[in-house]
Amino acid sequence: MLEYHHAALLIHPANTDSQKYIEGDSMIETGIPRLDELLGADIKKGSNILLVGPPMSGKEVILNHIMYHGIAKNEDAIITVNTREPGAHVLEWFKENELLSSRIGIVDCVTKMTCNTADEDDNIIVANSPIDLTGIGIKISQFFEKFLGIESIRKIQLSINSLSTLLMYSNIKTIYRFLHVFTGRIRAIGGIGIYVLESGIHDIQAISTLNQLFDYMIEVKSEDDKNFIRVVGILQKPTHWFEYETDGANIRIIGD
């Protein structure tokens, strides 16, 4: 595979003509106060965001924070597809941070690969494996039906952690078609989609193909035991790198 370069991750705003939602506020927040202040809360509803960074750089921390903020503050419903750890572990993180809600929907792509049986409940639906994109898509749609249709929740976040795992098992055309369905659905309902990608391991052409589906990029990195974050695609130029600290489900930007 070709070496990853930031130039391959230029974000071009996706077509938003299909947005049909009717909400009072057209913007969403990340829940990171200083960052939202600097951006002017300019992430539009219906956006699909690529969350990218090297291994162990804090991507999952950012993802968990945005999901937590969505449920606790915005009263969103969360659909999260996890290919890295069992659904029970993901749910446990929310419990540890004093948040257990019927508005959490986890598609577990791990448990059936490690054991023959996998328990499901109101929060967790188990897919066969990261290879089974059709099955994963059906599970995501079941949560959409539950939240939109049965419970009439209009604000929904969809996250996939991670695209890198899916790319290990399926070709780029298959992944693109899979994502096209759900990025389009997020755009149509005015939700938010967050898709995690490991930097440094993917073919440039593949990443350029996926870029067409995303509106913005949140990029994270770690240097000298410090964590940094920036946003690409909202302003004319990327924001500068902000150092941040974590405290449970909270994230704090340090300095300017």
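Rules and cut-offs
Residues numbered from 1 in each chain as written. Predicted model: local features only at pLDDT ≥ 70, side-chain atom pairs only at ≥ 80, totals over all residues. Heavy atoms only, no water. Buried < 20%, exposed > 50% of the residue type's maximum accessible area, 1.4 Å probe, protein only. Helix = DSSP H or I, 4+ residues; strand = E, 2+ residues; numbered from the N terminus. Arc of directions from axis to C-beta. Contact = heavy atoms within 4.5 Å. Pairing = 2+ DSSP bridges. Axes fitted to C-alpha atoms, helices over the stretch in contact; angles between N-to-C directions. Parallel < 35°, antiparallel > 145°, perpendicular 65-115°, else oblique. Nonpolar A, V, L, I, M, F, W, Y, C, P; charged D, E, K, R; others polar. Phe/Tyr/Trp six-rings, centres within 6.5 Å; stacked < 30°, edge-to-face > 60°. Lys NZ or Arg CZ within 6 Å of the ring centre and 35° of its normal. Polar contact = N/O pair within 3.5 Å; in protein donor to acceptor, adjacent residues only side chain to side chain. Expected span 1.5 Å × (residues − 1). Salt bridge = Lys/Arg side-chain N within 4 Å of Asp/Glu carboxyl O.

Peer 1: Mind laying out helix α3 (residues 87–96), listing which residues take part and the relevant values?
Peer 2: If you check which residues of α3 are buried, you get G87, V90, L91, W93 and F94. Looking straight down α3, one finds that the buried residues subtend no more than 145° of arc, so they occupy a single side. Where α3 is buried, its residues contact α2 (59–72), β4 (77–82), β5 (104–108), α4 (111–114) and β6 (124–126).

Peer 1: Quick one: what's the story with the sheet that holds strand β9 (residues 216–223), residue by residue and with numbers?
Peer 2: Ordered by their spatial adjacency, ten strands build an open sheet running β6-β5-β4-β7-β8-β3-β9-β10-β11-β12, and the pairing between neighbours is mixed. Bordering the open sheet on either side are β6 and β12 (250–254), each of which pairs with just one other strand. Sheet twist, expressed as the average angle between the axes of neighbouring strands with direction ignored, equals 25°. Looking at chain direction, β4 and strand β7 (residues 156–161) are connected through six bridges and run parallel. Bridge assignment links N82 to a residue of β7, and that residue is N161. Contacts from α3 reach β4, β5 and β6 within the one sheet, and its direction differs from that of β5 by about 155°.

Peer 1: A description of the packing of helix α5 (residues 133–150) against helix α7 (residues 172–189) should follow, citing residues and the corresponding values.
Peer 2: A pair of packed helices can be characterised by two numbers: the angle between their axes and the separation between those axes. The contact between α5 and α7 brings their axes to 11 Å, and the two run at 10°. With respect to α7, the element α5 is oriented roughly parallel. Facing α5, whose interface residues are L133, I136, G137, I140, S141, F144 and L148, α7 presents T174, I175, F178, F182, R185, I186 and I189. Looking at side-chain class alone, the contact of α5 with α7 contains ten nonpolar, three polar and one charged residues.

Peer 1: Can you break down the packing of aromatic side chains residue by residue, with the values?
Peer 2: As enumerated under the stated definition, the model contains six aromatic pairs in all. Aromatic pair W93 and F94: ring centres 5.1 Å apart, planes at 85°, arrangement edge-to-face. This pair shows no difference in class: W93 is buried, exactly as F94 is. Relative to F182, the ring of F178 lies with its centre 5.4 Å away and its plane at 65°, an arrangement referred to as edge-to-face. Here the residue F178 and the residue F182 both occupy positions in helix α7, the gap between them amounting to four residues, near one helical turn. Each member of the pair, F178 as well as F182, carries the same accessibility label: buried. A network of ring pairs unites the aromatic residues Y68, W93 and F94 as a single cluster. The ring of F144 carries R185 above its face, with NZ or CZ at 4.4 Å from the centroid.

Peer 1: Describe the side chain of S159, and please don't skip the residues or the numbers.
Peer 2: Along the chain, the position of S159 falls in strand β7. Within polar-contact distance, the side chain of S159 engages the side chain of T80 at 2.8 Å. In this view, S159 contacts L63, M67, I79, T80, V81 and I194; residues no more than four positions away in its chain are not counted.

Peer 1: Tell me about α2, residues and numbers included.
Peer 2: Here α2 is 14 residues long and its end C-alpha atoms lie 20 Å apart, about the 20 Å a rise of 1.5 Å per residue gives. For α2, the full list of buried residues reads K59, I62, L63, N64, H65, I66, M67, Y68, H69, G70 and I71.

Peer 1: Requested: an account of the pairing of strand β8 (residues 192–198), with residues and values cited.
Peer 2: β8 sits mainly inside the fold: seven of its seven residues count as buried. Judged by which residues are buried, β8 turns out to be covered on both faces: I192, I194, V196 and E198 on one side and G193, Y195 and L197 on the other are all buried. In the sheet, β7 pairs with β8 via four bridges, with the strands oriented parallel. By the bridge assignment, Q157 is partnered in β8 with I192.

Peer 1: Please provide a residue-by-residue account of the pattern of salt bridges, values included.
Peer 2: Tallied over the entire structure, the rule returns seven salt bridges. The salt bridge involving R84 is made with E60; its shortest N-O contact spans 3.9 Å. Taken together, the residues span a long stretch of sequence, with R84 in the loop between β4 and α3 and E60 in helix α2 at a distance of 24 residues. Looking at E60, the relative accessible area reads 27%, which means it is partly exposed. Here D215 ties to R187 by a salt bridge, and the two come within 3.7 Å at their closest N and O atoms. Separated by 28 residues along the polypeptide, D215 in the loop between α8 (204–211) and β9 and R187 in helix α7 bring together distant segments of the chain. Just as D215 is buried, R187 falls in that class too. Beyond isolated ion pairs, a larger network of salt bridges with shared partners links K59, E60, R84 and E198.

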